[in-house]
Amino acid sequence: MKIKLTTVFVDDQAKALRFYTEALGFVKKADFSNGPYRWLTVTSPEEPEGTELQLALNDDPAAKAYQQARFQHGQPAVMFFTDDLQADYERIKARGAEFTMPPTEVTGSTIAQLNDTCGNLVQITQLARW
């Protein structure tokens, strides 16, 4: 088995697409609609056939409450990994993204968190090399 898709709920798909492509640097993989429903995914340009991230409209009241609680408690909705957190931090910050936590060393890694402007915190992690 493989993990091929994971979902992050967003309150605005167009705004989310701009953030995940323009600020983070992912590329749009799929984008099609059926009536009011829009299937929208992005992927890493380093692995275009790799795992996709679905940017799903959060129109479910229970899921919206969960999303808001995670955000209010400072818990990221999604985590990405990098080999050079400082470089990615500088690149993403230069593109106007709002970091809620600058690169910070924690047990076994260095992490940074930012607001995706669509109701979520995103964590970027660089694992320590021992």
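Residues numbered from 1 in each chain as written. Predicted model: local features only at pLDDT ≥ 70, side-chain atom pairs only at ≥ 80, totals over all residues. Heavy atoms only, no water.

(A) Expanded view of the sheet that holds strand 4 (residues 52-57). On the basis of which strands lie adjacent, the open sheet formed by four strands has the order 1-4-3-2 and mixed pairing. Edge positions in the open sheet fall to strand 1 (5-10) and strand 2 (27-34), since each of these has one partner strand only. Strand-to-strand, the axes of this sheet are offset by a mean angle of 25 degrees, without reference to chain direction. This element, helix 1 (residues 13-23), spans strand 1, strand 2, strand 3 (37-43) and strand 4 of the sheet and lies at about 5 degrees to strand 3. (Pairing = 2+ DSSP bridges. Helix = DSSP H or I, 4+ residues; strand = E, 2+ residues; numbered from the N terminus. Axes fitted to C-alpha atoms, helices over the stretch in contact; angles between N-to-C directions. Contact = heavy atoms within 4.5 Å.)

(B) A look at the environment of Arg95. Relative to the helices and strands, Arg95 is located in the loop between helix 3 (85-94) and strand 6 (98-106). The partly exposed category is assigned to Arg95, whose relative accessible area is 43%. Each C-alpha atom, one on Arg95 and one on Leu24, is 8.6 Å from the other, the two residues being 71 residues apart in sequence. Excluding its chain neighbours within four sequence positions, the residues that come into contact with Arg95 are Glu22, Ala23, Leu24 and Gly25. A distance of 3.4 Å separates a polar side-chain atom of Arg95 from the backbone oxygen of Ala23. (Buried < 20%, exposed > 50% of the residue type's maximum accessible area, 1.4 Å probe, protein only. Polar contact = N/O pair within 3.5 Å; in protein donor to acceptor, adjacent residues only side chain to side chain.)

Geometry only, nothing functional implied.
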